[in-house]
Amino acid sequence: FAAQRHVLTYMEDAVSQLLENREDISQYGIARFFTEYFNSVRQGTHILFREFSFVQATPHNRASFLRTFWRCFRTVGKNGGKFSGMNLLAAQEYHCLLQLLCPDFPMELTQKAARIVLMDDAMDCLMSFSDFLFAFQIQFYYSEFLESVAAIYQDLLAGKSPNTVIVPTSSSGQHRQRQPSNDCNPLDGVEASLFYQCLESLCDRSKYSCPSAALLKEILSSVQRLTFYEFLMALAKHQGINRALGALPDKGDLFLDPAMDQEIEKLVAQVSGLSLSAPAGSSGDAANLPVRSMPRISSPWKPLHHRRKMDAESEGSNEETDSSEN
């Protein structure tokens, strides 16, 4: 159970955070730190602003990042509260959004996700939020699996039989650059039944996350031949795979998040109340501002360090104000 849930990964990260912030944590206790840390893991907020190596470290981290990205930026796909294809962004712009949550998120993964959507189109073409999000989900969550699939596809495209195709068991990607032979047309793709035989073997042997063999069979049994990117697009659009991952809602509910909408409405109402209740010239008078206790979202990412830094800056600001008055 511990290995399946990657408990050791989180324990190591928690201890690392504990040692890095031990002076701050000693003020309120180790037990409270571990409680807050694992609450944030359970809630999925533990991946916020973390390095990419941690974000991709476990399936739960990947699913949490996907869910967070959707919840933060789902309004990109909305226009006046209605579904719209008018709000389109390029791959570089989507990458900037990803970097707001993970500063060192690699551009390569964003480009691979965009290529699933655009296929043969230019990489600077615009994409809708929903198209990019579901393609990104497949590319990010199943990254190692797709590298192995690419190697298998190239072997089949080169004319090898399923019995001679080498099914990779790691994500080294050493076969990805293999070129197809001159006597086969890449546009024709590969035979779906042979492709499924190889993928079924891959799923049985792979140590990385991969879709269930039943869902792969459902996709590949509906066509006779397909190209690699047609396969990736089929994965991205398949409702069963999306539900199996459990990170994103169905496409029809993609722009619905009642809990988040309620919080946004409360914040908007609060800001509107502040602007209406505060008389002119009294913006600096804290007594005129309504106080609202915000729910605390636990995050293990150096919480006390930043709190102490903000307190220090606040004290410095007060000293400057006092000196100017004198």
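Anyway, here's the lowdown on the structure attached to this text. All values derive from a computational prediction rather than experimental measurement.

Let's talk about the nonpolar core
With 78 residues, the main nonpolar core has Phe65, Phe129, Phe195 and Phe231 as its most contacted residues. Among the elements that make up this core, the one with the highest residue count is helix H8 (residues 129–141) (9 residues). Looking at this core, you find at least three residues from each of domain 1 (1–43) and domain 2 (44–162 + 187–258). Sequence-distant contacts of Phe195, defined by excluding residues within four places in its chain, comprise Val149, Ile152, Tyr153, Leu156, Val190, Leu220, Leu226 and Phe231.

Digging into a nonpolar patch on the surface
On the surface, Val7, Leu8, Met11, Val15 and Leu19 cluster together into a nonpolar patch covering about 400 Å² of accessible area. As for its placement among the helices and strands, Val7 is situated in helix H1 (residues 7–20). The exposure class assigned to Val7 is partly exposed, which follows from its relative accessible area of 31%.

Side note on the side chain of Ser143
Position of Ser143 relative to the elements: it lies in helix H9 (residues 143–157). For Ser143, the contacting residues outside a window of four places in its chain are Arg62, Leu109 and Ile138.

Re the packing of H9 against helix H10 (residues 192–205)
Two numbers describe how H9 lies on H10: the axes approach to 10 Å, and their chain directions differ by 145°. Seen from above, H9 lies across H10 with right-handed handedness. Side by side, H9 and H10 meet where Phe145, Ser148, Val149, Ile152, Tyr153 and Leu156 of the first sit next to Leu194, Phe195, Cys198, Leu199, Leu202 and Cys203 of the second.

Topic: the packing of aromatic side chains
Enumeration according to the criterion identifies 21 aromatic pairs in this entry. A centroid spacing of 5.2 Å and a plane angle of 75° characterise the contact between Phe195 and Phe231, whose relative ring orientation is edge-to-face. Pair noted here: Phe195 is in helix H10 and Phe231 is in helix H12 (residues 228–237), with a separation of 36 residues, a long-range link. Since its relative accessible area comes to 0%, Phe231 is described here as buried.

Observations concerning the pattern of salt bridges
Under the counting rule described, the total for this entry stands at 8 salt bridges. The shortest N-O distance in the salt bridge between Glu144 and Arg62 comes to 2.8 Å. Linking Glu144 in helix H9 with Arg62 in helix H5 (residues 59–73), this pair joins segments that are 82 residues apart in sequence. Arg62 gets classed as buried once you look at its relative accessible area, which sits at 8%. A salt bridge links Glu108 to Lys112; the shortest N-O distance between them is 3.4 Å. Placement of both Glu108 and Lys112 in helix H7 (residues 107–118) is noted, with a separation of 4 residues, approximately one turn of the helix. When salt bridges that share partners are traced, they join Asp13, Arg50 and Glu51 into one network.

Looking at the state of the cysteines
As enumerated under the stated definition, the model contains 0 disulfides in all. Free cysteine: Cys203, not disulfide-bonded; nearest cysteine sulfur from Cys210 at 3.8 Å. Taking the relative accessible area as the measure of exposure, Cys203 reaches 14% and is therefore buried.

Rules behind the numbers
Residues numbered from 1 in each chain as written. Predicted model: local features only at pLDDT ≥ 70, side-chain atom pairs only at ≥ 80, totals over all residues. Heavy atoms only, no water. Core = buried A, V, L, I, M, F, W, Y, C linked by side-chain atoms within 4.5 Å. Buried < 20%, exposed > 50% of the residue type's maximum accessible area, 1.4 Å probe, protein only. Helix = DSSP H or I, 4+ residues; strand = E, 2+ residues; numbered from the N terminus. Domains from an automatic or database assignment. Contact = heavy atoms within 4.5 Å. Patch = residues over 30% accessible without salt bridge, like charges linked within 9 Å, V, L, I, M, F, W, Y side chains within 5 Å. Areas by Shrake-Rupley, 256 points an atom, 1.4 Å probe, with all protein chains shown as cover. Salt bridge = Lys/Arg side-chain N within 4 Å of Asp/Glu carboxyl O. Axes fitted to C-alpha atoms, helices over the stretch in contact; angles between N-to-C directions. Left-handed = near helix turned anticlockwise from the far one by under 90°. Phe/Tyr/Trp six-rings, centres within 6.5 Å; stacked < 30°, edge-to-face > 60°. Disulfide = S-S within 2.5 Å.

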